[in-house]
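Structural description and commentary
So the chains spell out like this:
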Amino acid sequence: METDLISIRDLRKDDIEEVLGLAAKYKSRSPASENIDVGEKVLGTLFFEPSTRTRLSFESAMLRLGGKTLGFGSVESSSIMKGERFSDTVRTFSHYCDLMVVRHPSEGSARLASELSAIPVINGGDGPNQHPTQALCDLFTIEMDKKRLDLKVALAGDLLYGRTVHSLAQALALFGSDILFISPSSLRFPSYLKEEIAQMGIRVEEDDDLKKAKDCDVLYMTRIQKERMSEKAYEKVKNCFVVRKEDFEDSDTLIMHPLPRVNEIEREMDDLPNARYFDQVRDSVPVRMALIDLILNGKLEVCEGETEKGKCPNQRCITNVESMDTKVEKGRCLYCEKPLD
Ligand code: ASP
């Protein structure tokens, strides 16, 4: 059976625990899975946005499992420059590999890719919407340290356009973590997601003072997503928060960041024992090995719901880029996941 991983919503708590458990085996290099044989399999990376870690860690994971990888080096070197549509590129690409990781600026693009291809698709980031595999890597790093996931976590920075925090907040809520959102007022965490998380029985607070994170188990810092806003809007918020050594050197709060960092964590922080952002990079390889293993072996089952036809009002949604109807699931667009009203 083909399994895609498009949104963190696709996973139940049990599925996440299974991924993290297998990742721990890969990390300790104990024989992880009895029936993985990826020797002949090819992982394709279809990236329409820049990436260092997501693409390379997927490639590294596949190579370490004994498989092969392919992908175009840049959009500029592909037929996208000749005006090819996303859907045609996806259909083509899916014939060259057995598993595909897609990154694209339109929300819902990975969901559409999964419908257009007969091979499993993993979302490597669809605009400001979701980055589910980063959330799994983040949970793994937290669990390795804290041994539990029902914690108090501060998510800080650009909470509106940062896709990693959208996926991570939903995942943490499944495990019972309370969340403190710290952001400038123009970049608040989306209210529809906040309500959803609060309905899961999670304590959700909002603040604009970074020092409040000192009372949390984890401070997850993020970059302002410059590419998703005007130059003017960016100028206003670009230096809004900086994690400083003087504030966090005596604290037990783990300092995390999905990277790349611009200037939101002082370099002086890097040698502190609670700085975890390069551990996150290291941990992403066993987590992605576990995911590839489970997906290629058809062992990851994702939740699927009933849908009906509709029109999505979100202009960043792939359904509007591709001029198509959306599918509505529980009042939300199935692709970009935004409520329709
Ligand atoms: N690398 C992460 C992402 O692709 C975080 C970021 O770019 O700020 O979403």
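Residues numbered from 1 in each chain as written. Predicted model: local features only at pLDDT ≥ 70, side-chain atom pairs only at ≥ 80, totals over all residues.

Here we look at the overall build of the protein
To keep it simple, the criterion reads: Numbering goes from the N terminus for both helices and strands, where a helix is a DSSP run of H or I of at least four residues and a strand is a run of E of at least two. Each residue is classed by its C-beta neighbour count within 10 Å, where at least 20 other C-beta atoms makes it buried, 12 or fewer makes it exposed, and intermediate counts make it partly exposed; the C-beta atoms are placed from backbone geometry. Placing C-beta atoms from the backbone, we regard two residues as in contact once those atoms come within 7 Å.
Within the protein, the regular secondary structure consists of 11 helices and 12 strands. On the principal axes, the C-alpha backbone points of the protein span a range of 55 × 50 × 40 Å. Within the protein, buried positions represent 48% of all 341 residues. For the protein, contacts bridging at least 24 residues in sequence account for 70% of all contacts bridging at least 6.

Quick notes on the sheet that holds strand β5 (residues 152-156)
We apply this condition: Paired strands, in this sense, are two strands between which DSSP finds at least two bridges. Fitted lines through C-alpha atoms give the axes, limited to the stretch in contact for helices. The angle between two N-to-C directions lies from 0 to 180 degrees.
Here 5 strands make up an open sheet; going across it, the order is β7-β6-β5-β8-β9 and the pairing parallel. Bordering the open sheet on either side are β7 (204-207) and β9 (254-256), each of which pairs with just one other strand. Ignoring strand direction, the axes of neighbouring strands in this sheet form an average angle of 20°. With 3 bridges joining them, strand β8 (residues 218-221) and β9 adopt parallel strand pairing. Residue pairing across strands places Tyr-220 opposite Met-256, the latter belonging to β9.

Details of the domain arrangement of the protein
Applied cut-off: As annotated, the domain borders come from an automatic or database domain assignment. When residue character is reported, Ala, Val, Leu, Ile, Met, Phe, Trp, Tyr, Cys and Pro are called nonpolar, Asp, Glu, Lys and Arg charged, and the others, Gly included, polar.
In terms of domain boundaries, the protein breaks down into domain 1 (8-131 + 283-296) and domain 2 (133-282). Between the C-alpha centres of domain 1 and domain 2 the distance comes to 24 Å. Of all elements in the fold, only α1 (13-27), β4 (121-126) and α10 (277-296) reach the threshold of two or more residues within the side of domain 1 that touches domain 2. A total of 6 residues in the side of domain 1 that touches domain 2 trace back to one element, the largest contributor, which is α10. Class assignment of the residues belonging to the side of domain 1 that touches domain 2 gives a composition of 10 nonpolar, 7 polar and 5 charged.

What about the site of the ligand?
Let me state the cut-off plainly: A molecule or strand has a residue near it when that residue's C-beta atom, placed from backbone coordinates, lies within 6 Å of it.
Every residue lining the ligand is accounted for by Gly-125, His-131, Arg-163, Thr-164, Thr-222, Arg-223 and Pro-258. Its residues assigned to classes, the shell around the ligand comprises 1 nonpolar, 4 polar and 2 charged.

So, helix α4 (residues 109-116)
Among the 8 residues in α4, 6 count as buried, and that is most of the element. Among all positions in α4, only Ser-109, Ala-110, Arg-111, Leu-112, Ala-113 and Ser-114 are buried. Where α4 is buried, its residues meet α3 (86-93), β3 (99-104), β4 and α11 (318-321).

Some remarks on the nonpolar core
As a reminder, the rule being used: Think of a nonpolar core as buried Ala, Val, Leu, Ile, Met, Phe, Trp, Tyr and Cys residues, each tied to the set through C-beta atoms within 7 Å.
Core analysis: the largest hydrophobic core is formed by 93 residues, its most contacted members being Ala-154, Leu-155, Leu-219, Tyr-220, Ile-255 and Ile-292. Of the residues forming this core, the biggest block, 10 residues, is contributed by α10. Split by domain, the residues of this core number at least three in each of domain 1 (8-131 + 283-296) and domain 2 (133-282). Ala-154 has contacts with Leu-180, Ile-182, Ala-213, Cys-216, Val-218, Leu-219 and Tyr-220, leaving out every residue within four places of it along the chain.

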